[in-house]
Amino acid sequence: MSEQSFEQMLEESLKTIRNGEVVEGTVIDVKPDEIVLNIGCKSDGIITRNEYTNEPNVDLTTMVEVGNTMEAKVLKVNDGDGQVLLTYKRLAAEKGSKRLEEAFENKEVLTAKVAQVLNGGLSVIVDEARVFIPSSLVSDVYEKDLTKYDGQDIDFVITEFNPKRRRIIGDRKQLLLAKKEEQRKALFERIQIGDVIEGTVKNVTDFGAFIDLGGADGLLHISEMSWGRVESPKKAFKVGEVVKVFIKDINDTKIALSKKFPEENPWNNAAEKFAIGTVIHGRVARMTDFGAFVELAPGIDALLHVSQISKEHIEKPSDVLKVGQEIEAKIVDLNEADKKISLSMKVLLKEENVAETAASEEADENIEAE
């Protein structure tokens, strides 16, 4: 066999390839920015970093090893240097596009890492095929800043698939809503009025706090936050705080909550704690023209009528008292049914005078006896 005929046979044994053809090759060299493949042709195949992945500045030596087998698509049979220019990412994107089409038709839930946070939403990559998730479909609540999703794995479904117009749209919101609906149904199936439950403060307003119970929110109205007086819910609760409440009422999908646990009712044993004739110390909580309300305990205010403040005539309580002032008074009336307690400072003053008079008379009698 002549040398010429051997070369001819060798040439005939090598594959002839065309642009757009998918070839399989073996990695024979890897550089940080280039992969070299033996594809069974006279020339080796080259995959540059840009044609391997969409991620910038990737070191290809960390991605593939010599001896690996991989498929690629021919971009140019001759790149000008006698080598075959190949692309890995475009072939992967085509396969990914097919994968997304199947997921779109089957309404399959996909999971992918967020590759980029854009002004209008998120970009995720499935097998090198890009999916855009608009900001309105990222969450079931408005989120101005989406940067927290960068690099995170998220679940979504494909709701629009039009590769010709480069419109492949993902939707995460509907999955969240569906999950919440399942949680809501499960919550309403297990709860009933009177149940004690823990929840997380979701939002605080001037009239109350909304508590996330895990599937639905309940309203803890300002009037149900404490047996005592709550001036401002925003000072009493913080978003994210875990609180224990009980279910006061369920009306269709609305849940009313309370922290006024019956066993903590300050009126329990009131007949003993606030019996008529008891001298108490309290704090002036608020005043009106007809009297001052004195806090005896959290949730229990007693009325000190203007006529019972002093022996002298007083036009209005604010003439002699101030909000926050500590006073001493005697309980002169208790009505447990209506939860009303009446106080008197004047009675104490009279009793003090009587005692002083009696002491003075006793002293005079002792002097006369001497």
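Rules used throughout
- Residues numbered from 1 in each chain as written.
- Predicted model: local features only at pLDDT ≥ 70, side-chain atom pairs only at ≥ 80, totals over all residues.
- Heavy atoms only, no water.
- Helix = DSSP H or I, 4+ residues; strand = E, 2+ residues; numbered from the N terminus.
- Rg over C-alpha atoms; globule rule 2.2 N^0.38 Å.
- Buried < 20%, exposed > 50% of the residue type's maximum accessible area, 1.4 Å probe, protein only.
- Contact = heavy atoms within 4.5 Å.
- Areas by Shrake-Rupley, 256 points an atom, 1.4 Å probe, with all protein chains shown as cover.
- Lys, Arg positive; Asp, Glu negative; His and termini not counted.
- Charge placed at Lys NZ, Arg CZ, Asp CG, Glu CD.
- Pairing = 2+ DSSP bridges.
- Axes fitted to C-alpha atoms, helices over the stretch in contact; angles between N-to-C directions.
- Salt bridge = Lys/Arg side-chain N within 4 Å of Asp/Glu carboxyl O.

1. Describing the overall build of the protein
Thinking step 1. If you tally the helices and strands in the protein, you get six helices and 20 strands.
Thinking step 2. Its C-alpha radius of gyration of 41 Å places the protein more than 25% over the 21 Å reference for a compact globule of 370 residues.
Thinking step 3. Counting only C-alpha atoms and orienting by the principal axes, one finds that the protein spans roughly 160 × 50 × 30 Å.
Thinking step 4. Classification of the 370 residues of the protein by burial places 34% in the buried group.
Thinking step 5. Put simply, 58% of the contacts in the protein that link residues at least 6 apart link residues at least 24 apart.
Thinking step 6. Of the accessible surface of the protein, which amounts to about 22600 Å², a share of 47% is contributed by carbon and sulfur atoms.
Thinking step 7. Counting 49 positive and 68 negative side-chain charges, the protein places the averaged centre of each group 7 Å from the other.

2. Let's talk about the pairing of strand 17 (residues 291-297)
Thinking step 1. Most of strand 17 sits out of view: six of its seven residues are buried.
Thinking step 2. As judged from the four bridges shared by strand 16 (residues 279-287) and strand 17, these two strands associate in the antiparallel manner. Considered in strand 17, the bridge of Val284 is made with Val294.
Thinking step 3. Connecting the antiparallel pair strand 16 and strand 17 is a turn made up of three residues.
Thinking step 4. Bridge analysis of strand 17 against strand 18 (residues 300-305) gives six bridges, and the strand direction is antiparallel. Note on strand 18: the bridge partner recorded for Val294 is Ala302.
Thinking step 5. Between strand 17 and strand 18, which pair antiparallel and follow one another directly, the connecting turn spans two residues, one of which, Gly299, has a positive phi of 100 degrees.

3. Some details on the sheet that holds strand 1 (residues 22-31)
Thinking step 1. Taken in spatial order, the five strands line up as 1-2-3-5-4 and close into a barrel, and their pairing is mixed. The mean angle between the axes of side-by-side strands here comes to 50 degrees, regardless of whether they run parallel or antiparallel.
Thinking step 2. Bridge analysis of strand 1 against strand 4 (residues 69-76) gives five bridges, and the strand direction is antiparallel. Paired with Val22 across the bridge in strand 4 is Lys73.
Thinking step 3. Contacting strand 1, strand 4 and strand 5 (84-87), helix 2 (residues 89-106) runs over the sheet at an angle of about 105 degrees to strand 4.

4. Details of the side chain of Thr205
Thinking step 1. Positionally, Thr205 belongs in the loop between strand 11 (196-204) and strand 12 (208-212).
Thinking step 2. What Thr205 contacts, discounting residues up to four positions off in sequence, is Phe210, Pro233 and Lys234.

5. Description of the pattern of salt bridges
Side chains that differ in sign of charge can pair as their charged atoms come close.
Thinking step 1. Enumeration according to the criterion identifies 16 salt bridges in this entry.
Thinking step 2. Its salt-bridge partner being Arg229, residue Asp301 comes within 2.4 Å of it at the nearest N-O pair. Residue Asp301 is located in strand 18, and its partner Arg229 is located in the loop between strand 13 (217-221) and helix 4 (233-236); the two are separated by 72 residues in the primary sequence.
Thinking step 3. Looking at Arg229, the relative accessible area reads 39%, which means it is partly exposed.
Thinking step 4. Glu295 is the salt-bridge partner of Arg283, the closest N and O atoms lying 3.2 Å from each other.

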